[in-house]
Amino acid sequence: MFWVLFMLLAWAVAATACTRLCLAAVRAAAVDADAGLTHDLTLYEAAFLSGGPVRVAELTLVSMARQRRLLLAHTGWATVVDPRGRDDIERSVIGAIGPEGQSRIAPVRAGAAAADAVRTLADRLVSAGLAVPDGARTTVAAGVRQVRAAALFVLALGAIALSMPAQPDMPRTLVALWFALPLALTLSCLAIARVEVHPYSRWASPAGQRLLGALAQRTGGVGDDRTYLTSVAVRGVRAIGEPELRAAFEQRA
């Protein structure tokens, strides 16, 4: 009767995973209902929602370079021209370059991404319901992954149970049916989530994704500096048009 223990374990895993997904979806819907309705994204916010802390650092480097307050060489070096940062994030970039005023871009990008100013930006976006909390285990995306894993686990337990010696009082078809029920629960939960639940990106919540889409529409037809920086914020350094400036970010050493 070991198959009964496997069946109970399959039900427990499937029910737990599906319950977590449902609770995560309810919490996400409650936050998303009124999040960011009147919020206008700044370029820093758009960068974070699109690519996280590193994207914010890259945007700041590009912005300062276009204003000739920072020189970014194609060899991968950053040189400070104007040491006066206009906001906390620019000051974090200058601080990451160091007192000598020159540094490789890779460590500057990493240092600026880990600065307090970027963490404060992230906390503000999370509080507004526009960003996914860092390391949150109850997000919809994590819940979907857990249900997928539960479905595979149920399949594995069912296969083990069916491979055991047959019981004279329990046909294999009935054993398979008992395992098919929790499997059907997980698969139906995944199907509902695919239709009803908004997808989460790594950084932006559904409300944040809507604002990013609206930002792209508003700036799509204007060829000015803000449009350029918006493109960098949303798409990253691959949106940089200047070959030498793009080469500066491709240097890893």
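Procedures and definitions
Residues numbered from 1 in each chain as written. Predicted model: local features only at pLDDT ≥ 70, side-chain atom pairs only at ≥ 80, totals over all residues. Heavy atoms only, no water. Buried < 20%, exposed > 50% of the residue type's maximum accessible area, 1.4 Å probe, protein only. Helix = DSSP H or I, 4+ residues; strand = E, 2+ residues; numbered from the N terminus. Arc of directions from axis to C-beta. Pairing = 2+ DSSP bridges. Axes fitted to C-alpha atoms, helices over the stretch in contact; angles between N-to-C directions. Salt bridge = Lys/Arg side-chain N within 4 Å of Asp/Glu carboxyl O. Core = buried A, V, L, I, M, F, W, Y, C linked by side-chain atoms within 4.5 Å. Contact = heavy atoms within 4.5 Å. Disulfide = S-S within 2.5 Å.

Taken together, the buried positions of helix H4 (residues 105-113) are occupied by Ile105, Val108, Arg109, Ala112 and Ala113. What you see down the axis of H4 is that its buried residues fit within an arc of 125°, all on one side.

All right, on to the environment of Ala142 then. Looking at the element boundaries, Ala142 is found in helix H6 (residues 140-163). Assessed through its relative accessible area of 9%, Ala142 is described here as buried.

Pairing is antiparallel across the open sheet formed by three strands, whose spatial order is S1-S2-S3. Because the sheet does not close on itself, it has two edges, and the strands there are strand S1 (70-72) and strand S3 (102-104). Geometrically, the sheet is characterised by an average inter-axis angle of 20° between neighbouring strands, direction not taken into account. The pairing of S1 with strand S2 (residues 77-80) spans three bridges and is classified as antiparallel. Bridged to Leu70 within S2 is Val80.

The next subject is the pattern of salt bridges. Inspection of every chain in the model, using the stated rule, returns nine salt bridges. Glu90 serves as the salt-bridge partner of Arg69, at 2.7 Å between the closest nitrogen and oxygen. Taken as a pair, Arg69 in the loop between helix H2 (43-66) and S1 and Glu90 in helix H3 (residues 88-97) lie far apart in primary sequence, 21 residues in all. By the burial criterion, Arg69 is buried, and Glu90 matches it. Each of Arg55, Glu58 and Arg109 takes part in a single network of salt bridges with overlapping partners.

By size, the foremost hydrophobic cluster in this structure holds 48 residues, and its most contacted members are Phe48, Leu49 and Leu72. Take this core: its biggest share by element is 13 residues, from H2. Each residue touching Phe48, except ones within four places of it in the same chain, is listed here: Pro53, Val56, Leu121, Ala122, Leu125, Ala131 and Trp203. Among the nonpolar cores identified, the runner-up in size contains twelve residues, and Trp3, Ala151, Phe179 and Leu183 belong to it.

Under the criterion given, the structure shown has zero disulfides. In this model Cys18 remains outside any disulfide bridge; the closest cysteine sulfur is found in Cys189, 3.9 Å from its own. Cys18 sits in the buried class, given a relative accessible area of 5%.

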